[in-house]
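The chain contents come next:
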Amino acid sequence: MTPEEEAEFKRRQKSRNLVVGGTLLFFAVLFYAITLVRMGD
Amino acid sequence: MWRALLTNAETSQSVDMNTAVQTTNMPAEWRDFFTLTKPRVMTLVVFTAICGLLAAPGSIHPVLGFTAILAIAMGAGGSAVINQWWEAEIDAGMKRTENRPLPSGRMRPVDARDFGLFLSGVSVFIMGVAIGWLAAAMLLAAIIYYAVIYTMWLKPRTPQNIVIGGGSGAFPPLIGWIAVTGEITAMPVLLFAIIFMWTPPHFWALALFMKSDYAKVGIPMMPVVAGERSTRRQILAYTVLLAPVAIAPWLIGGTSWLYGSVSVVLSVLFFALALPVGTRTRAKEDAMAQEKLLFKFSIIYLFVLFAALVADRVLAAQGLIGPGLFSGGIA
């Protein structure tokens, strides 16, 4: 792998990690909210 | 059948990876995963699901309503991903689809397959635990209907594939309704039937004027297999069949005069536009203006019809408009 390819590899990996992290955070908040609503039923 | 299906998938993947498409060694961009979920198709799915949710009797907490719509969108996205994983080789042979993430080699097929299965599974799980298991079962049925029955089984085998495929697009309002009520009644089944009957004239009007290379890749689309004349006749037939289904929510007392009058006017307009399309023959240098008009109108038709349904049900729930045609309707 050339240095350019390695940099591109890392860039893609980083942006995917950020999206996965953001999605997980979103679902953690969503499940917290669902639990609160369900407990209030 | 399952063994044949799996063998087909493995064959198409090995062709993809070894001969037809040079697959990247890079991790796929997150945007390509998002593209695989067919976001444009998802807007119609989300719109009709919201309509089903809002039109249903009773209420749902906004957080749960949002979760239900999210689960439906994720299920639609997941099945779209499985669809593209299965059809990667076919997509590579068509101009319209050759730049998708899989046929262009920007993503490994196995990543797409796993993503589609994960998204579908999570959507059903979320729907089950947050909303209810009847809605989750219907969502699972919709995913299997689109990804397996339509994509893998019927699409390559019958020119009626669009008619049958229309069923998968018809699930969202049904699931949205069930998310609120927890039961299947006449009204959500009618919403399903409206989209089911609407899909053939909508899609075939497009197929008449859009040059497609489906024939090249062996997908038996109606204009290619049965000919243009037969397709035109069937557009007219489905338009006639759609009218009573679209008006039925009013006739059974599920809505008031507001939806009733809108559905009657829309049905008359749809028929008036489908009649010339259904009866005419293509001229030598034909601009296909009537077909294009019918296609555009079919989209407006669905949006206005569902918007009228929601407006009718919301206004009726507030007591601002009167009851349905027959009081004490079965809906």
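Residues numbered from 1 in each chain as written. Chains lettered and ligands numbered in written order. Predicted model: local features only at pLDDT ≥ 70, side-chain atom pairs only at ≥ 80, totals over all residues. Heavy atoms only, no water.

J.: How would you sum up the overall build of chain A? Please name residues and give values.
T.: Broken down by element type, chain A carries 1 helix and 0 strands. Expressed along its principal axes, the backbone C-alpha trace of chain A runs to roughly 60 × 10 × 5 Å. For chain A, the accessible surface area stands at approximately 3300 Å², while carbon and sulfur atoms represent 67% of it. Treating the 6 positive side-chain charges of chain A as one cloud and the 5 negative ones as another, the clouds have centres 6 Å apart. (Helix = DSSP H or I, 4+ residues; strand = E, 2+ residues; numbered from the N terminus. Areas by Shrake-Rupley, 256 points an atom, 1.4 Å probe, with all protein chains shown as cover. Lys, Arg positive; Asp, Glu negative; His and termini not counted. Charge placed at Lys NZ, Arg CZ, Asp CG, Glu CD.)

J.: Any details on the pattern of salt bridges? Residues and values, ideally.
T.: Oppositely charged side chains can pair when the atoms bearing their charge come close. Residue and element names in this part refer to chain B. Taken as a whole and assessed by the stated rule, the structure comprises 16 salt bridges over all chains. Of the charged contacts, one joins Asp32 and Arg106 as a salt bridge, the two residues approaching to 3.0 Å between their closest N and O atoms. A residue pair is termed long-range when its members are at least 10 positions apart, and Asp32 in helix 2 (residues 30-36) and Arg106 in the loop between helix 5 (88-92) and helix 6 (109-131) qualify at 74 residues. What makes Asp32 buried here is its relative accessible area of 8%. Overall, Arg106 belongs to the partly exposed group, its relative accessible area being 32%. Asp91 is the salt-bridge partner of Arg100, the closest N and O atoms lying 3.1 Å from each other. Each member of the pair, Arg100 together with Asp91, is buried. (Salt bridge = Lys/Arg side-chain N within 4 Å of Asp/Glu carboxyl O. Buried < 20%, exposed > 50% of the residue type's maximum accessible area, 1.4 Å probe, protein only.)

J.: Outline the environment of B:Gly116, supporting the account with residue identities and numerical values.
T.: Residue and element names in this part refer to chain B. Tracing the sequence through the fold places Gly116 in helix 6. For Gly116, a relative accessible area of 0% puts it in the buried group. As for Gly116 and Ile195, which are separated by 79 residues in sequence, their C-alpha atoms are 24 Å apart.

J.: Describe a nonpolar patch on the surface, and please don't skip the residues or the numbers.
T.: On the surface, A:Val19, B:Trp30 and B:Phe34 cluster together into a nonpolar patch covering about 260 Å² of accessible area. A relative accessible area of 31% places B:Trp30 in the partly exposed class. (Patch = residues over 30% accessible without salt bridge, like charges linked within 9 Å, V, L, I, M, F, W, Y side chains within 5 Å.)

J.: Run through the interface of chain A and chain B, naming residues and quoting values.
T.: Each side of the interface is counted separately: chain A has 17 residues, and chain B has 19 residues. A buried area of about 1600 Å², summed over both sides, lies between chain A and chain B, and 74% of it is on carbon and sulfur atoms. Three residues stand out in chain A for area buried against chain B, namely A:Arg12, A:Arg16 and A:Val37, and they jointly supply 34% of the buried area on that side. The interface formed by chain A and chain B includes 2 salt bridges. Its salt-bridge partner being A:Arg12, residue B:Glu29 comes within 3.7 Å of it at the nearest N-O pair. Across the chain A-chain B interface, the total number found is 5 residue pairs in polar contact (both at pLDDT 80 or more). Partitioning the side of chain A that touches chain B into residue classes produces 9 nonpolar, 2 polar and 6 charged. (Contact = heavy atoms within 4.5 Å. Buried area = accessible area lost by both parts, 1.4 Å probe. Polar contact = N/O pair within 3.5 Å; in protein donor to acceptor, adjacent residues only side chain to side chain. Nonpolar A, V, L, I, M, F, W, Y, C, P; charged D, E, K, R; others polar.)

J.: An account of unusual backbone geometry is needed here, citing residue identities and associated values.
T.: Although it is not a glycine, B:Lys38 sits at a positive phi angle of roughly 50 degrees. With respect to the helices and strands, the residue B:Lys38 is situated in the loop between helix 2 and helix 3 (39-55).

J.: Give a description of the environment of B:Thr181 that names residues and reports values.
T.: Residues and elements named next belong to chain B. Along the chain, Thr181 turns up in helix 8 (residues 161-181). On the basis of relative accessible area, Thr181 is assigned to the partly exposed category, the value being 24%. Through-space distance from the C-alpha of Thr181 to that of Ser59 is 8.3 Å; in sequence the pair is 122 residues apart. Once you skip the residues sitting within four places of it in the chain, Thr181 turns out to touch Ala56 and Pro57. Within the local environment of Thr181, its side chain forms a polar contact with the backbone oxygen of Glu183, the two atoms lying 3.1 Å apart.

J.: Can you explain the environment of B:Arg233? Please cite residues and give values.
T.: Residue position: B:Arg233 is located in helix 11 (residues 228-251). Between the C-alpha atoms of B:Arg233 and B:Leu64, which are 169 residues apart in sequence, the distance is 44 Å.

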